[in-house]
Amino acid sequence: MRMSKALIPTLRDNPAEADTVSQQLLVRAGFIRKSAAGLYHYLPLGKRVLQKIETIVREEMDAFGCQELLMPIVQPAELWLETGRWNAYGAEMFKVTDRHERQFCLGPTHEEMITDLVRNEVNSYRQLPLRLYQIQNKYRDEKRPRFGLIRGREFVMKDMYSFDRDPEGLDQCYWDMYQAYTNIFNRCGLKFRPIEADGGAIGDSQTHEFTALADIGENTVVYCEHCGYAANIEIAPCPVPEAQSSVETALPMEKVYTPDSKTIEAVGNYLQVPAQKCIKTLFFQADDELICVLARGDHEVNDVKVQRVHPCLALELAEEEDVVKKVGCNFGSLGPVGLQGIKIYADLAVEQMVNLVCGANEEAYHYINVNPGRDFQVEGYYDLRMMQEGEACPKCGQKLDSARGIEVGQIFKLGTKYSETLGATYLDENGKTQVIHMGCYGVGVSRTMAATVEQNHDENGMIWPKSIAPYHVVVVPISAKDEKQMAIAEQIYTDLQKRGVEVMLDDRNERPGVKFKDADLIGYPLRITVGKKAVEEKIVEYKLRTAAENEIVAVDEVVEKAVSYIFSE
Ligand code: 9G3
């Protein structure tokens, strides 16, 4: 390709609204352009990278016996009503109405669609196992689209769905995909960790998230260098606090006046007690039920764990006015003592507490010397807190490390959740009707592109791994006016192409500095510079994007050298 013909609108300065380095660089290098919040154009260079990632994904899916298909983006509401999910995602679901006033959604995912297809087309054990995937745009109306392609409202996803006779078949597929994803992200040059993640509302099904390590990542991964344990911090089990040996004797509960002490810290200061001796009382709206969750003052409540203990479709922190209505007191003096008609769940650490402090459910009053079991009852004590950094590994007890990451892939065991509801069954050898066991497996293709940039850039721009670079080599003639230089540059350009190398020729009438800056910004793996020495001494400059220095290479050796570099591992 020739730069003089290519649409690659590079920018010198960072775009104002870019909120992460990958978006800054992808915009500055002319790979993407924002159309509206969370909606992007992939310009030619961006589309080429997307295409390369998709090809890697396809190869790995096909290698594991998956068949590619393409489903409608526009999905009939009826299917989502059948599974009860039409109203489960609120404003996040893009809904549209057709000319006959029929309702549809723009596909955020395709469990309903694919299960409907399979229930109509599959009815015998001979047709299983079946692994079907697509690579297509998905639509989710994020409340806060941000980080460019990382959290967009339209994004490219590969979603695969597996159909097996039984749990054993599903298990086989699950681990096949674990391997396929490992291959995909390795081939993309991504640093990632597969981590045990929460099965979400899908129940206690098994799931792994493939998380690309990146500081702006929205997921926190805790991992153990010693035994390899790794998990999304949202589900990492917290160690049960050892029973305190020196247990104090329970003192009589007392109500004390605590003026302007609305936070744990303020109460702790006023009463001169540490946060470990205070109770944090939170109220959640679980669908249409108000529930109460207790944690030790120095711990964070983990709402993913709360949702597992109190299963519900939507779990949000309660609005203050709803709490006031129900409890008669606003935030700052809330506590479990005397609560009527509200389920109370407490974190395990609370059970061990003696003579603690909590709100008295009365403005500016707290109780001291409160003792669980004596002064308030709970539904039960569960692991409900967020693991903190440096805690013990649940598997081997060593200190855990933590890192932030971007979820670029996820594999789920769905079991019969959809096949049961939608009636996707098969007749077994004995003519008996059996329910199909399903799994679903997603790769964020556009997100993987952005994650790669987050992990591979420097102050001059992006650094594309060879496997997904938009072009392998850029040939930079110093002076486009010098016919002799251009002839040599053209020859190298043509010879490389003949060898299957993807080459960009920067034939613009620009100063060398501009060409070098663009080459570094765009991040081609290899730059070959053709100057007057190419004419006089038959030598060119050979510079890897990952190398600090140029190499001097003979004109008649540079093609061979480039070919072996580009096609080597
Ligand atoms: C929705 C909306 C957003 C959603 C979903 C449904 C996430 C939804 C979970 C999944 C599970 C897997 C197949 C590929 C891998 C992930 N956000 N999920 O179901 F209606 Cl608006 O998508 N699906």
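About the cut-offs
Residues numbered from 1 in each chain as written. Predicted model: local features only at pLDDT ≥ 70, side-chain atom pairs only at ≥ 80, totals over all residues. Heavy atoms only, no water. Near = heavy atom within 4 Å. Polar contact = N/O pair within 3.5 Å; in protein donor to acceptor, adjacent residues only side chain to side chain. Areas by Shrake-Rupley, 256 points an atom, 1.4 Å probe, with all protein chains shown as cover. Helix = DSSP H or I, 4+ residues; strand = E, 2+ residues; numbered from the N terminus. Salt bridge = Lys/Arg side-chain N within 4 Å of Asp/Glu carboxyl O. Buried < 20%, exposed > 50% of the residue type's maximum accessible area, 1.4 Å probe, protein only. Expected span 1.5 Å × (residues − 1). Core = buried A, V, L, I, M, F, W, Y, C linked by side-chain atoms within 4.5 Å. Contact = heavy atoms within 4.5 Å. Axes fitted to C-alpha atoms, helices over the stretch in contact; angles between N-to-C directions. Parallel < 35°, antiparallel > 145°, perpendicular 65-115°, else oblique. Left-handed = near helix turned anticlockwise from the far one by under 90°. Nonpolar A, V, L, I, M, F, W, Y, C, P; charged D, E, K, R; others polar. Pairing = 2+ DSSP bridges. Phe/Tyr/Trp six-rings, centres within 6.5 Å; stacked < 30°, edge-to-face > 60°. Lys NZ or Arg CZ within 6 Å of the ring centre and 35° of its normal. Lys, Arg positive; Asp, Glu negative; His and termini not counted.

S.K.: Please provide a residue-by-residue account of the site of the ligand, values included.
M.R.: Inspection of the region around the ligand gives 15 residues, with Arg-85, Pro-108, Thr-109, Glu-111 and Arg-140 positioned closest. Within the side chain of Thr-109, an N or O atom sits 2.8 Å from a nitrogen atom of the ligand. One of the side-chain N or O atoms of Arg-140 is found 3.0 Å from an oxygen atom in the ligand. A total of 510 Å² of accessible area belongs to the ligand in isolation, and the protein chains cover 88% of it. Counting residues per element, the ones that place at least two in the shell around the ligand are strand 8 (154-164) and strand 24 (437-444). In terms of residues, the shell around the ligand owes the most to one element, strand 8, which gives three residues.

S.K.: I'd like a rundown of the pattern of salt bridges, residues and numbers included.
M.R.: Enumeration according to the criterion identifies 37 salt bridges in this entry. For the salt bridge of Asp-518 with Arg-508, the shortest nitrogen-to-oxygen distance reads 3.0 Å. A residue pair is termed long-range when its members are at least 10 positions apart, and Asp-518 in helix 13 (residues 512-522) and Arg-508 in the loop between strand 28 (503-505) and helix 13 qualify at ten residues. A residue is classified by how much of its surface remains accessible, and Arg-508, at 17% relative accessible area, is buried. Each member of the salt-bridge network shares a partner with another, and the members are Glu-142, Arg-146, Arg-151 and Glu-218.

S.K.: So what's going on with helix 2 (residues 44-63)? Which residues, and what values?
M.R.: Taking 1.5 Å of rise per residue, the 20 residues of helix 2 would be expected to cover 28 Å, and the 28 Å separating its terminal C-alpha atoms lies within 8% of that figure. Every buried residue of helix 2 is listed here: Leu-45, Gly-46, Val-49, Leu-50, Lys-52, Ile-53, Glu-54, Ile-56, Val-57, Glu-60 and Met-61.

S.K.: Can you lay out unusual backbone geometry for me, pointing to particular residues and giving the numbers?
M.R.: A cis amide bond links Leu-128 to the next residue, Pro-129, at an omega of 0°. By the element assignment, Pro-129 lies in the loop between helix 4 (111-121) and strand 7 (130-139). One non-glycine residue, Ala-364, lies in positive phi territory at about 65°. Locating Ala-364 in the fold gives a position in the loop between strand 18 (356-362) and strand 19 (365-370). A relative accessible area of 19% means that Ala-364 is categorised as buried. Positive phi is not limited to glycine here, since Lys-538 has a value of about 60°. Considering the arrangement of structural elements, one finds Lys-538 in the loop between helix 14 (532-536) and strand 30 (539-544). When its relative accessible area of 47% is taken as the criterion, Lys-538 is described as partly exposed.

S.K.: Tell me about the nonpolar core, and name the residues and values.
M.R.: In this structure, Phe-31, Met-61, Met-177, Tyr-181 and Trp-464 are the most contacted members of the largest nonpolar core, which totals 60 residues. Of the residues forming this core, the biggest block, eight residues, is contributed by helix 5 (residues 167-187). Excluding residues within four positions of it along the chain, Tyr-181 makes contact with Met-61, Lys-158, Phe-210, Gly-409, Gln-410, Ile-411, Tyr-441, Gly-442 and Val-443. By size, the runner-up hydrophobic cluster in this structure holds 25 residues, among which are Ala-489, Ile-492, Leu-505 and Ile-566.

S.K.: Quick rundown of the packing of helix 2 against helix 11 (residues 445-455)? Include the residues and the values.
M.R.: Viewed as axis vectors pointing N to C, helix 2 and helix 11 meet at an angle of 110°, and their least axial separation amounts to 9 Å. One way to sum up the angle between helix 2 and helix 11 is to call them roughly perpendicular. Of the two elements, helix 2 crosses helix 11, and the hand of that crossing is right-handed. Taken together, the residues of helix 11 that come into contact with helix 2 (itself represented by Gly-46, Val-49, Leu-50, Ile-53 and Glu-54) are Val-445, Ser-446, Thr-448 and Met-449. Grouping the amino acids of the contact of helix 2 with helix 11 by side-chain chemistry returns five nonpolar, three polar and one charged.

S.K.: Any chance you could break down the environment of Arg-545 for me, citing the residues and the numbers?
M.R.: Among the secondary structure elements, Arg-545 is positioned in the loop between strand 30 and strand 31 (551-554). The sequence separation of Arg-545 and Thr-421 amounts to 124 residues, and the corresponding C-alpha distance is 53 Å. What Arg-545 contacts, discounting residues up to four positions off in sequence, is Asp-458, Asn-460, Gly-461, Met-462, Ile-463, Asp-520, Gly-523, Tyr-524 and Pro-525. In this structure the side chain of Arg-545 is engaged in a polar contact, spanning 2.8 Å, whose partner is the side chain of Asp-458. A polar atom in the side chain of Arg-545 sits 3.2 Å from the backbone oxygen of Met-462.

S.K.: Give a description of the sheet that holds strand 19 that names residues and reports values.
M.R.: Pairing in this open sheet of three strands is antiparallel, and the strands run 13-19-18 from one edge to the other. Of all the strands in the sheet, the pair left with one neighbour each is strand 13 (254-257) and strand 18. Along the sheet, successive strands turn relative to each other by an average axial angle of 35°, direction set aside.

S.K.: Give a detailed account of the sheet that holds strand 5 (residues 95-97), specifying residues and quantitative values.
M.R.: Pairing is antiparallel in the open sheet, where three strands are placed in the order 4-6-5. Each edge of the open sheet is held by one strand with a lone partner, namely strand 4 (74-76) and strand 5. Pairs of neighbouring strands in the sheet enclose a mean axial angle of 40°, with direction left out of account. Where strand 5 and strand 6 (residues 103-106) come together, three bridges link them in antiparallel fashion. Each residue of the ladder has a partner; that of Lys-95, found in strand 6, is Cys-105.

S.K.: So what's going on with the packing of aromatic side chains? Which residues, and what values?
M.R.: Tallied over the entire structure, the rule returns twelve aromatic pairs. Relative to Phe-192, the ring of Phe-185 lies with its centre 5.6 Å away and its plane at 55°, an arrangement referred to as tilted. The pair Phe-185 / Phe-192 is uniform in exposure class, with both members buried. Between Phe-185 and Phe-210, the aromatic rings sit 5.9 Å apart at their centres with planes inclined by 35°, giving tilted as the arrangement. Linking Phe-185 in helix 5 with Phe-210 in strand 10 (residues 207-213), this pair joins segments that are 25 residues apart in sequence. Of the residues examined, Phe-210 reaches a relative accessible area of 0% and is grouped as buried. Taken together, the aromatic side chains of Tyr-174, Trp-175, Tyr-178, Tyr-181, Phe-185, Phe-192 and Phe-210 make up a single cluster linked through ring pairs. Directly above the aromatic system of Tyr-471 lies the positively charged group of Arg-48, at a separation of 3.9 Å from the ring centroid.

S.K.: Describe the side chain of Arg-28, listing the residues and the values that go with them.
M.R.: Among the structural elements, Arg-28 can be located in helix 1 (residues 21-28). In this structure, Arg-28 is buried with no salt-bridge partner, the nearest side chain bearing the opposite charge being Asp-13 at 6.6 Å.

S.K.: Can you tell me about the pairing of strand 1 (residues 32-36), naming the residues and giving the values?
M.R.: Strand direction decides the pairing type here: strand 1 and strand 2 (residues 39-42), joined by four bridges, are antiparallel. Counted as the bridge partner of Arg-33 is His-41 from strand 2. Counting the residues between successive antiparallel strands, the hairpin from strand 1 to strand 2 contains two residues, one of them, Gly-38, with a positive phi of roughly 75°.

S.K.: Tell me about the environment of Arg-58, and please be specific about residues and values.
M.R.: Among the structural elements, Arg-58 can be located in helix 2. Given a relative accessible area of 23%, Arg-58 falls into the partly exposed group. Distance in space between the C-alpha atoms of Arg-58 and Glu-429 is 33 Å, their sequence separation being 371 residues. The contact partners of Arg-58, leaving out residues within four places of it in the chain, are Glu-68, Tyr-133 and Ile-135. Here the side chain of Arg-58 touches Glu-68 through a polar contact of 2.6 Å, side chain to side chain.

Read these as layout, nothing more, since geometry by itself doesn't imply function.
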